[in-house]
Amino acid sequence: MDQERRELADTPQQELAELVSLYSAKGLSGPTAHAVAAELTRHDAFAAHLEIELGIDPKRLANPWQAAFASAVSFTTGALLPLIAVLAPPSAWRIPVTFVAVLAALALTGDISARLGRASRRTATIRLVVGGSLALLVTYGIGRLVGAVVA
Ligand SMILES: [Zn+2]
């Protein structure tokens, strides 16, 4: 991004020509590519270059601190449900309650992430529930094996 900013300041004519050729390569005719490049350069040259050269929208760049905080909160919240499911019920019920609670949490996660990403809610939910079930079964199996050896 810094390099792009420097190029725009140092060689604006070359940058305009670059934009024109990139829009031509995208399929616009010569005059249209030139008009688009000129108008975008007048509007916000920096954003136009970032978008077509790097695929970046400077307004939508994630703030790393915000991303770190969001991850910390969501991982903690996500881990809370299985933890409660393990600790709350009487010991005989722990495994089935945990299994159901984790799958319900995964189904919810799939649904929410699909809504946010505008993807298929059905596909996302099935993928997480099936993947989660397999992970639970493998973990349970390893626990049985290792637990049997230790006990
Ligand atoms: Zn450029």
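Residues numbered from 1 in each chain as written. Predicted model: local features only at pLDDT ≥ 70, side-chain atom pairs only at ≥ 80, totals over all residues. Heavy atoms only, no water.

If you tally the helices and strands in the chain, you get six helices and zero strands. Starting at the N terminus and ending at the C terminus, the chain contains elements arranged as α-α-α-α-α-α. Relative to the globule expectation of 15 Å for 151 residues, the C-alpha radius of gyration of the chain, 26 Å, shows a markedly less compact shape. Referenced to the eigenvectors of the C-alpha coordinate spread, the extents of the chain come out at roughly 75 × 30 × 25 Å. Counting only residues that meet the buried cut, the chain has 21% of its 151 residues in that class. For the chain, long-range pairs separated by at least 24 residues make up 44% of all intrachain contacts whose partners lie at least 6 apart in sequence. (Helix = DSSP H or I, 4+ residues; strand = E, 2+ residues; numbered from the N terminus. Rg over C-alpha atoms; globule rule 2.2 N^0.38 Å. Buried < 20%, exposed > 50% of the residue type's maximum accessible area, 1.4 Å probe, protein only. Contact = heavy atoms within 4.5 Å.)

Between side chains of opposite charge, a pair can form as their charged atoms come close. A full pass over the atoms with the stated rule returns two salt bridges. Its salt-bridge partner being Asp-111, residue Arg-115 comes within 2.8 Å of it at the nearest N-O pair. Of this pair, Arg-115 and Asp-111 both sit in helix H5 (residues 94–117), four residues apart, which is roughly one turn of the helix. By relative accessible area, which is 49% here, Arg-115 ends up partly exposed. We note a salt bridge from Asp-111 to Arg-121, for which the minimum N-O separation is 2.9 Å. Of this pair, Asp-111 sits in helix H5 while Arg-121 is found in helix H6 (residues 121–150), placing the two residues ten residues apart along the sequence. For Asp-111, a relative accessible area of 18% puts it in the buried group. (Salt bridge = Lys/Arg side-chain N within 4 Å of Asp/Glu carboxyl O.)

Tracing the backbone through its elements, the reader meets Ser-133 in helix H6. Residue class for Ser-133 comes out buried when judged on its relative accessible area of 18%. Only 2.7 Å separates the side chain of Ser-133 from the backbone oxygen of Val-129, close enough to count as a polar contact. (Polar contact = N/O pair within 3.5 Å; in protein donor to acceptor, adjacent residues only side chain to side chain.)

The next subject is the domain arrangement of the chain. Assigned domains of the chain: these are domain 1 (2–60) and domain 2 (64–145). Just the C-alpha atoms count here: the centres of domain 1 and domain 2 sit 44 Å apart. (Domains from an automatic or database assignment.)

At this site the zinc ion is bound by Glu-4 (OE), Glu-15 (OE), Glu-18 (OE), His-49 (ND1) and Glu-53 (OE), with donor distances of 1.9 to 2.3 Å. Site description for the zinc ion: donor spacing in sequence, E-x10-E-x2-E-x30-H-x3-E. In this pair, Glu-4 sits in helix H1 (residues 2–10) while Glu-53 sits in helix H3 (residues 30–54), placing the two residues 49 residues apart along the sequence. (Donors = N, O, S within 2.8 Å, 3.2 Å for Na, K, Ca; no water.)

Let's shift gears to H5. If you check H5, its first and last C-alpha atoms are 34 Å apart, about what 24 residues at 1.5 Å a residue would give, namely 34 Å. Among the residues making up H5, those that are buried are Thr-98, Ala-101, Val-102, Leu-103, Ala-105, Gly-110, Asp-111 and Ala-114. Trailing H5 by a residue or two, Arg-118 shows a phi angle of about 50 degrees, which is positive. (Expected span 1.5 Å × (residues − 1).)

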